[in-house]
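The residues making up each chain are set out below.
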Protein chains: 2
Amino acid sequence: MSDLDRVLARLDADLDPALERLFASLRFRSISTDPAHAADCRACAGFHAADLRSLGFETRVHDTPGQPIILAHRREGKGTSALFYGHYDVQPADPLELWESDPFEPVLVTLPDGTRAIRARGAADDKGQFMTFVEACRAWIAETGELPVPVTILLEGEEESGGASLPAFLDAHAAALRADIGLVCDTSMWDRETPAITTMLRGLVGEEVTIRAASRDLHSGYYGAAAANPNRILARILADLHDDKGRVTLPGFYDGVPELPESLRAEWDRLGFSDAEFLGEVGLALPAGEKGRSALEQTWSRPTAEINGMTGGYTGPGFKTVIPAVASAKISFRLVFDQDPQAIRESFRAFVRERVPADCSVTFADHGASRAVAFDTSNPAFAKVRAALAEEWGREAAFIGCGGSIPVNLLFREKLGMEVINAGFGLADDRIHSPNEKYDLESFRRGARSWARILAALARAH
Amino acid sequence: MSDLDRVLARLDADLDPALERLFASLRFRSISTDPAHAADCRACAGFHAADLRSLGFETRVHDTPGQPIILAHRREGKGTSALFYGHYDVQPADPLELWESDPFEPVLVTLPDGTRAIRARGAADDKGQFMTFVEACRAWIAETGELPVPVTILLEGEEESGGASLPAFLDAHAAALRADIGLVCDTSMWDRETPAITTMLRGLVGEEVTIRAASRDLHSGYYGAAAANPNRILARILADLHDDKGRVTLPGFYDGVPELPESLRAEWDRLGFSDAEFLGEVGLALPAGEKGRSALEQTWSRPTAEINGMTGGYTGPGFKTVIPAVASAKISFRLVFDQDPQAIRESFRAFVRERVPADCSVTFADHGASRAVAFDTSNPAFAKVRAALAEEWGREAAFIGCGGSIPVNLLFREKLGMEVINAGFGLADDRIHSPNEKYDLESFRRGARSWARILAALARAH
C-alpha cells in the first residue's frame, strides 16, 4: 500500500473527527464586516492557529489593523513548494428568518435528492473548503510524519469585507511567503461529477453612495414635490447605470474589455452550459445582462454593475408619509480583463455627482477594489493538479472562469510573483452568501482526498 | 366680565394642569401603523374617553376592525352645532437616535429663539392640537356649566395608517354625527402671527410595491448580470415615475387637474410666500417638483409622487455582494382637484407591471386612498370662525391650501353632507412625522383660547 493510499484510507476513516473540527470552526460568528463580531473573528483565528500548531506547523497569529492573519509553515519535503490560502471570515447571516436552522450551529442534513450536506454560514465559503486542505495535511502527517512538499498556509479574516489588511501583510512577509505555486480552495466544481480549476476571475469595485437632501425627514404632504427626495435622486442614478440593452453606461466602463478570444469561447462552448438550467435552479429564466450574450459569458467574461443594497425612508410595517433626509446604496462592479478599478470608481463618482442637485450632497465609501485576473495554465503545476484531480474524480478537470472575485489571486501574482491554482469543491447550489448555505459531505470528503493527491503530485518531478 | 372673558382667564390660569393632561396622552405609544402598538392605541383611547366623560360628555369607545373610535356628545346650547374631529394615533418615532429626548416622554423645552415648546411624538400631530379644543370645552363647562353650542367630539386612531375603519363608522353613526359644521384642528397657522383656515387639501394614494426575482438571495459574483436584480428593476420603475421636467409620467395622472384659478392664484400671491425661506428652513434651495411652478403651487395645488421608503438587499454595516431575492418601495401620490384615486392606483400598477421582466413577479399593497377636497367658504360658519380667530390673534385669518391629506374632510362632506373648517395652530417648523416633533406652548395656549372664542362665535345668530 503506497503512502498516498494509506493517506486516502485514513481520510475516509477519520471523516467524523474531521467533521467535528469543521463544526467547531463553523460555530464562530466570524462576520468580518460587522465590528460587533471582531472578538468572534479573533477567537476563530485562535482556534485554527491552535489546530495548525497541533499538526506541527510553525504558526503565528499576526495582528493587523483589521482581523488577524494566520501564517503557518512546514518546510520539509522537496518538489513544488505551495502557499495555500483560505479565509476564516464569513458573510453576515441575515435574513435570519429564512434559515432552516441556526446559521452558527452546523448540522448534517439530508437534502431532497438524498445527498448529505453540512449546513451553516461558512460551510462552503470558506471554512469547509479550506479545511479540506488542512485535513489532507493532517492525514499525510499522521501516516508519514511529514508533508510531501513544503507548505505554507495563510488564513485571513477579511475576505468578505474588502480585505484591506492583506496587501500590506503580503508586502511585509513576502520572503516567508514565497513558494512555487499558490493554491486556493474557494471555488466550485464544474458540476457534481466534474472537478474544475478556475483560471479567470473577475475583479471588483465596491462603492457605497449616500445622498443627503433636507436637514431632516419631512412630511411628504407638506413638502412633497417642493423638497428634494433622496430616494428619487438615488433611484434615478441607479436606473441610469444601465441602458436598455443591459450595458453599463459609465463613461469608459468598457475600456480594456475585449471580445472573448475564439479559442476560449470554443472551450467554454464544449462545457455544454445551459442558461435555462443555470437560471432555472434559482427560479429565473431570462439572462438579465447584456442582450445577445449567454449567461455564462455574462458572468465569466463581461463586466457588470449590481445594486447590492439600497435603503431610504420608512421601510417598516405599514406606511409613513415621509420624505427622508438620506438615502443610500451599495453598488459593486465586477471587472474583467484589463479594466482599471480606480478609473471605474472615479467614473462612477463623477456620474453620481452629475445627477445630484446643487442643494443636495453626496458622499462615497470605498469598499475595496481588485483587478480581474487570468492565470498562465502552461505553468507545470497546472498539469500536476489536473492529473491529481482526474485520479480522484475519474474525469478531466475543466478550466473555467468565475464571476466572483477572490482578490488574493491577483495579490499573490502581483506581490509574490506566483501563479495560483484555484481548485475548489463547491457546487452551484451551495447558497453561499445566502440563507441555508451548505457544503456537500462529498465535497468535503473528496475535496480532502483531492488535496492529498495534489500534495503527492506536486512532489513528483514532472 | 363676560362669560367668554372668564373662560379665557381660566384657560390662562389652568395652563399647567392642561399641560399635565396633554403630557399624559403623549406618553401613550399610540403608533397605529405598527401592530405591536395596538394595546397602546387602545389605552390612549381609554384615557381620552375617561377625560371626556369627566367633562360630562356622553362618551362611548367603539371597537372597529382597527383602532377604537371615541364618540362623545354634549347636546346643550343653541346656534351652530359642531362635530369636532381629532386623532389620537401618531406616526412611528424612528429614527430614534435623532431624538434629543425620548419621543414618548414629553418635555417642555426652550428653543434657540427663546420660544417654549412641548417636544414629543404627537405633540403637534395631533394630540396637542385636538387637546386645545378639549381644553376650551373644559373651561366653558367649568365657568358656565355648559357649552355655548351642541358639540360632538370624534377621536379616531387610524389617521396615520390609512384610516380604514372611519368610513364604515361614519355610515353606521351618521345620524348621531350630523351637525351644522365640522371642525378639525390638524393644520397649521400661516405663520407665527397669522392664523389660517385651510380650505383646500390634497388627496392621497398609498401604494407598496414588492418585486421578487430569484428564489433566494444570490452571490453577485456568480450570478451578477445573468440573474435579474430586483433592486435594479425597482430603481428603474421609481426613476421612470418622473420625467426630466419633474412631471409624473403615469398615463392619465393629470386628468382632472386644472390650472389654478386666477383669483386663487392672486390670493396666494398676496401671502408673500418665499420659496427660498420655505426650503431654506430645511436646508434646501431648489424646488424639486414641476419646473416653472413655485414651491407653494407645487405643494398646495399640484399632484405629486413621492418615494416614502425603499429597501432591497444588504443595508447593514460594511458590504455584502448579494443580489437580493426581493426589493420593495412605499410610494404615495398626493392628489388635487378631481383626480380619481382608484384610476391612479390602477395606472400605477399597470405602469409597474409593464416594467417587471416575465420571470420576476410583483405584488402590491393598498395603503389607503382619498380624493382631494376644497370647501365652500361662503358657508356662514367660516365668517364666524374667521372673526373669532381675528379677535384672538389681531390679524385676519388667511384662507390657505395644504399639501397634506386629512381624509376626514372628504368623508365628513361626502358621508355627512357638511363643510369642514380646518383651523389649526401648528407651525411650519413643528417637525411632524420627524424626530423632535414639537408644539409651541403658545400654539397650545392660544389655540385653546381660539376655540373658546370660536364656540362663542358659533352660538351667535350671525
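Quantities reported herein were computed from a predicted structural model and do not represent experimental measurements.

## Quick look at the sheet that holds strand 5 (residues 116–119) of chain A
As a general point, the strands of a sheet are linked pairwise by backbone hydrogen bonds and lie either parallel or antiparallel.
Residues and elements named next belong to chain A.
Then, in step 1: In spatial order, the strands read 4-5-18; together these 3 strands make up an open sheet with antiparallel pairing. Since the sheet does not close on itself, it has two edges, and those belong to strand 4 (107–110) and strand 18 (438–440), each with one partner. Averaged over all adjacent pairs, the angle separating strand axes in this sheet is 35°, with direction ignored.

## Observations regarding the relation of the copies chain A and chain B
Then, in step 1: For these two chains of identical sequence, chain A goes onto chain B by a turn of 180° and a shift of 0.0 Å along the axis, with RMSD 0.1 Å. The superposition of one copy onto the other is thereby described by a two-fold rotation axis.

## Focus on the domain arrangement of chain A
Residue and element names in this part refer to chain A.
Then, in step 1: In terms of domain boundaries, chain A breaks down into domain 1 (3–201 + 372–459) and domain 2 (203–261 + 294–370).
Then, in step 2: Taken over C-alpha atoms, the centre of domain 1 sits 33 Å from the centre of domain 2.
Then, in step 3: Residues that form the side of domain 1 that touches domain 2 fall into these classes: 6 nonpolar, 5 polar and no charged.

## Things to note about the interface of chain A and chain B
Then, in step 1: Contacts between chain A and chain B engage 80 residues on the former and 80 residues on the latter.
Then, in step 2: When contributions to the side of chain A that touches chain B are tallied by element, the ones reaching two or more residues are strand 10 (218–219), helix 7 (220–223), helix 8 (230–240), helix 11 (295–300), strand 11 (304–313), strand 12 (322–323) and strand 13 (326–335) of chain A.
Then, in step 3: Split into classes, the residues belonging to the side of chain A that touches chain B amount to 33 nonpolar, 34 polar and 13 charged.
Then, in step 4: Sheet topology places strand 11 of chain A next to strand 11 (residues 304–313) of chain B; 5 bridges connect them, and they run antiparallel. Bridge assignment links Gly-312 of chain A to a residue of strand 11 of chain B, and that residue is Met-310 of chain B.

## A look at the confidence of the model for chain A
Then, in step 1: Looking at chain A, pLDDT values average 95 and 100% of them are 70 or higher.
Then, in step 2: Among the prediction metrics, the complex's ipTM stands at 0.76, with pTM recorded as 0.76.

## A word on the packing of helix 8 of chain A against helix 8 (residues 230–240) of chain B
Then, in step 1: Contact geometry for helix 8 of chain A and helix 8 of chain B: axes closest at 8 Å, N-to-C directions at 120°. Put simply, helix 8 of chain A runs oblique to helix 8 of chain B. Considering only the axes of helix 8 of chain A and helix 8 of chain B, their crossing is left-handed. Contacts between helix 8 of chain A and helix 8 of chain B involve Arg-232, Ala-235, Arg-236, Leu-238 and Ala-239 of chain A on the former and, on the latter, Arg-232, Ala-235, Arg-236, Leu-238 and Ala-239 of chain B.
Then, in step 2: Counted by class, the contact of helix 8 of chain A with helix 8 of chain B contains 6 nonpolar, no polar and 4 charged residues.

## Concerning the sheet that holds strand 11 of chain A
Then, in step 1: Strand order in the open sheet formed by 8 strands is 14(A)-9(A)-13(A)-11(A)-11(B)-13(B)-9(B)-14(B), and the pairing between neighbours is antiparallel. Of all strands in the sheet, those with a lone pairing partner are strand 14 (361–370) of chain A together with strand 14 (361–370) of chain B, marking the two edges. Direction aside, neighbouring strands of the sheet carry axes that sit 20° apart on average.
Then, in step 2: When strand 11 of chain A meets strand 13 of chain A, the two strands line up antiparallel, connected through 8 bridges. Pairing of Thr-311 of chain A across the sheet is with Ser-328 of chain A, part of strand 13 of chain A.

## Considerations on the packing of helix 4 (residues 127–144) of chain B against helix 15 (residues 441–459) of chain B
All names here are of chain B.
Then, in step 1: Between helix 4 and helix 15, whose axes approach to 8 Å, the crossing angle comes to 55°. One way to sum up the angle between helix 4 and helix 15 is to call them oblique. The handedness of the crossing between helix 4 and helix 15 is right-handed. Residues Gly-128, Gln-129, Thr-132, Phe-133, Glu-135, Ala-136, Ala-139 and Trp-140 of helix 4 form the contact with helix 15, whose own contacting residues are Phe-444, Gly-447, Ala-448, Trp-451, Ala-452 and Leu-455.
Then, in step 2: Residues that form the contact of helix 4 with helix 15 fall into these classes: 9 nonpolar, 4 polar and 1 charged.

## Focus on the environment of Ala-228 of chain A
Then, in step 1: As for its position among the elements, Ala-228 of chain A is in the loop between helix 7 and helix 8.
Then, in step 2: Ala-228 of chain A gets classed as buried once you count the C-beta atoms within 10 Å, which come to 29.
Then, in step 3: Note: C-alpha distance between Ala-228 of chain A and Ala-213 of chain A (15 residues apart in sequence) is 6.1 Å.
Then, in step 4: Apart from the residues lying within four places of it in its own chain, the contact partners of Ala-228 of chain A are Ala-213, Ile-233, Pro-357, Asp-359 and Cys-360 of chain A together with Leu-284 and Ala-288 of chain B.

## As for helix 3 (residues 38–54) of chain A
Residues and elements named next belong to chain A.
Then, in step 1: When the terminal C-alpha atoms of helix 3 are compared, their 25 Å separation across 17 residues agrees well with the 24 Å that a helix rising 1.5 Å per residue should span.
Then, in step 2: Burial in helix 3 covers these residues: Asp-40, Cys-41, Cys-44, Ala-45, His-48, Ala-49 and Leu-52.
Then, in step 3: Residues of helix 3 that are buried in the fold lie against helix 2 (15–26), strand 1 (58–62), strand 2 (69–74) and strand 6 (151–156).
Then, in step 4: Trailing helix 3 by a residue or two, Gly-56 shows a phi angle of about 85°, which is positive.

Definitions and limits used
- Residues numbered from 1 in each chain as written.
- Chains lettered and ligands numbered in written order.
- Predicted model: local features only at pLDDT ≥ 70, side-chain atom pairs only at ≥ 80, totals over all residues.
- Pairing = 2+ DSSP bridges.
- Helix = DSSP H or I, 4+ residues; strand = E, 2+ residues; numbered from the N terminus.
- Axes fitted to C-alpha atoms, helices over the stretch in contact; angles between N-to-C directions.
- Least-squares fit on C-alpha atoms with pLDDT ≥ 70 in both.
- Domains from an automatic or database assignment.
- Nonpolar A, V, L, I, M, F, W, Y, C, P; charged D, E, K, R; others polar.
- Contact = placed C-beta atoms within 7 Å.
- pLDDT = per-residue confidence, 0-100.
- Parallel < 35°, antiparallel > 145°, perpendicular 65-115°, else oblique.
- Left-handed = near helix turned anticlockwise from the far one by under 90°.
- Buried ≥ 20, exposed ≤ 12 C-beta atoms within 10 Å, placed from the backbone.
- Expected span 1.5 Å × (residues − 1).

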